[in-house]
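Residue strings, one per chain:
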Amino acid sequence: MRESILTIPVTDIFEPKCGCPICRLRDMLESRTVEYIMGAAMMEPDVRIETNKLGFCHLHFEQMRACKNRLSLALMIQTHLQHLQGELSKKSLFYGKGAKRRTVSAVNESCFVCSKIEWGMSRIMRTLFEMYEQQEEFRKLFEDQQMLCLPHYQLLTEMMDDSLDKKQHKRFSQTCEQLLSKYLDELEADVSHFCKMYDYRNTGANADWGNSKDSVERAIKFLTTR
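Cut-offs used in this document
- Residues numbered from 1 in each chain as written.
- Predicted model: local features only at pLDDT ≥ 70, side-chain atom pairs only at ≥ 80, totals over all residues.
- Heavy atoms only, no water.
- Helix = DSSP H or I, 4+ residues; strand = E, 2+ residues; numbered from the N terminus.
- Expected span 1.5 Å × (residues − 1).
- Buried < 20%, exposed > 50% of the residue type's maximum accessible area, 1.4 Å probe, protein only.
- Polar contact = N/O pair within 3.5 Å; in protein donor to acceptor, adjacent residues only side chain to side chain.
- Contact = heavy atoms within 4.5 Å.

(A) Expanded view of helix H3 (residues 21-38). Taking 1.5 Å as the rise per residue, H3 with 18 residues should run 26 Å; its terminal C-alpha atoms sit 26 Å apart, in good agreement. The buried fraction of H3 amounts to 13 of the 18 residues, a majority that puts the element mostly inside the structure.

(B) Inspection of the side chain of Thr-79 at higher detail. With respect to the helices, strands and loops of the structure, Thr-79 is situated in helix H6 (residues 70-89). On the basis of relative accessibility, which here comes to 18%, the residue Thr-79 falls in the buried class. Polar contacts involving the side chain of Thr-79 include one to the side chain of Asn-52, which spans 2.7 Å. Filtering out sequence-adjacent residues up to four positions away, Thr-79 remains in contact with Arg-48 and Asn-52.

(C) Seen up close, the environment of Pro-151. Within the secondary structure, Pro-151 sits in helix H10 (residues 150-163). Taking the relative accessible area as the measure of exposure, Pro-151 reaches 28% and is therefore partly exposed. Along the primary structure Pro-151 and Lys-221 are separated by 70 residues, whereas in three dimensions their C-alpha atoms are 9.8 Å apart. Here Pro-151 is in contact with Phe-222, Leu-223, Thr-224 and Thr-225, once residues within four sequence places are set aside.

(D) Geometry of the environment of Cys-23. Counting through the fold element by element, Cys-23 comes out in helix H3. Sequence separation of Cys-23 and Ile-13 is 10 residues, and the distance between their C-alpha atoms is 9.7 Å. Residues in contact with Cys-23, not counting those within four places in the same chain, are Cys-149, His-152 and Thr-225.

Take it as geometry only, folks, not as evidence of what the structure does.
Quick look at the structure:
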């Protein structure tokens, strides 16, 4: 799994030029991790030790359930519940005081899939900045993207100082700002148009919604990456 994540060509993710490329990177990692854990990996002892300890968040439980491999999911849930029973019997689900106190929320907030996505993203982002630094072709491909969502704009600009040669800072930051602001202007116009379409004067069979019909969903994704 680790080799496949690290050898995925970043350029393949950037080629479509549709939506936020960092969202596409994350979505690809998420999809591959869910496929990985729902396949033969779930029978690997070291993987089961991790899933027993970390469990899964609600979102990734639902994604695994959608794979329709209910037995694999049930087996993972079974041993995860057994692990929690053991922790509870040892009273290790709750211990410590103050900042060191461990509660059920600490268990609820951990997720095997989320941890693997975070691991994979940290390495892919390192590769992305190396490619930007070394390849003019990739710099142009980056500039040709449709947009950056707000959270990933923040991520890229925060990582820039430690991940990119200072000579590239100006071009990179300007590109990120342009990709954000251009899409933000288009999105605001679409949402505004959507709101105007609820005026009684704009109703009827020939009402022109333009690109506004899915603007609310696109705005949510822009603001949250989801």
